[in-house]
Amino acid sequence: LAAPLASGRAVARAARADLRPGDALWTYGTYVHGLPFYARHPVDKILNFTGEFRYAKRFPDQAARFGDDSDVRRLPRKGGRTLVVLHTGEYPHFSETLRGGPASVLSSRRFGPWTLAVVRAAR
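Below is a short write-up of the structure. (Residues numbered from 1 in each chain as written. Predicted model: local features only at pLDDT ≥ 70, side-chain atom pairs only at ≥ 80, totals over all residues. Heavy atoms only, no water.)

Time to look at the overall build of the chain. Scanning the chain for helices and strands turns up seven helices and six strands. Put simply, the chain runs from its N terminus to its C terminus through helices and strands in the order α-α-β-α-β-α-α-β-α-β-α-β-β. Taking 14 Å as the expected radius of gyration for a compact globule of 123 residues, we find that the chain reaches 14 Å, a close match to that expectation. Taken over the C-alpha atoms alone, the chain extends approximately 40 × 35 × 30 Å along its principal axes. (Helix = DSSP H or I, 4+ residues; strand = E, 2+ residues; numbered from the N terminus. Rg over C-alpha atoms; globule rule 2.2 N^0.38 Å.)

Further remarks concern the pattern of salt bridges. A complete count under the given rule lists five salt bridges for this structure. With its nearest N and O atoms 2.8 Å apart, the salt bridge here joins Asp-71 to Arg-74. By relative accessible area, which is 11% here, Asp-71 ends up buried. Of the residues examined, Arg-74 reaches a relative accessible area of 57% and is grouped as exposed. Linked through salt bridges whose partners overlap, the residues forming this network are Lys-45, Asp-71 and Arg-74. (Salt bridge = Lys/Arg side-chain N within 4 Å of Asp/Glu carboxyl O. Buried < 20%, exposed > 50% of the residue type's maximum accessible area, 1.4 Å probe, protein only.)

Under the criterion given, the structure shown has four aromatic pairs. Seen in terms of ring centroids, Tyr-31 and Phe-53 are 4.7 Å apart; in terms of plane orientation they differ by 70 degrees. Their pairing is edge-to-face. Here Tyr-31, found in the loop between strand E1 (24-28) and helix H3 (35-39), pairs with Phe-53, found in the loop between strand E2 (45-47) and helix H4 (54-57); they are 22 residues apart in sequence, far enough to count as distant. Here a set of aromatic residues connected by ring pairs shows up, and it is made of Tyr-28, Tyr-91 and Phe-94. (Phe/Tyr/Trp six-rings, centres within 6.5 Å; stacked < 30°, edge-to-face > 60°.)

Below, the structure written as structure tokens:
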């Protein structure tokens, strides 16, 4: 019964259906446990969140998987779109951070507490 309020299953399945070769899957402000499992795709970058992954960020081979709003401002990525999973309440800040740069949100959909935003690829 609590799954729609706590689980990332629905947003992850939507991401899985949307992912194309070359696309990246990011999280913003959180890490949704179960996302890689249900999306069948690793989380390529975690923005504005370290949490229980603070140990991994110390290692050079993992440090690039963490980022902040500067990564959002550098979107769009070459080679594919960027699918971003975030708390719905964070979406206004995320879209404002993205606005004004060369990137744009192609779509955003809400799944309980989560939003899936798809940022276009670089041209």
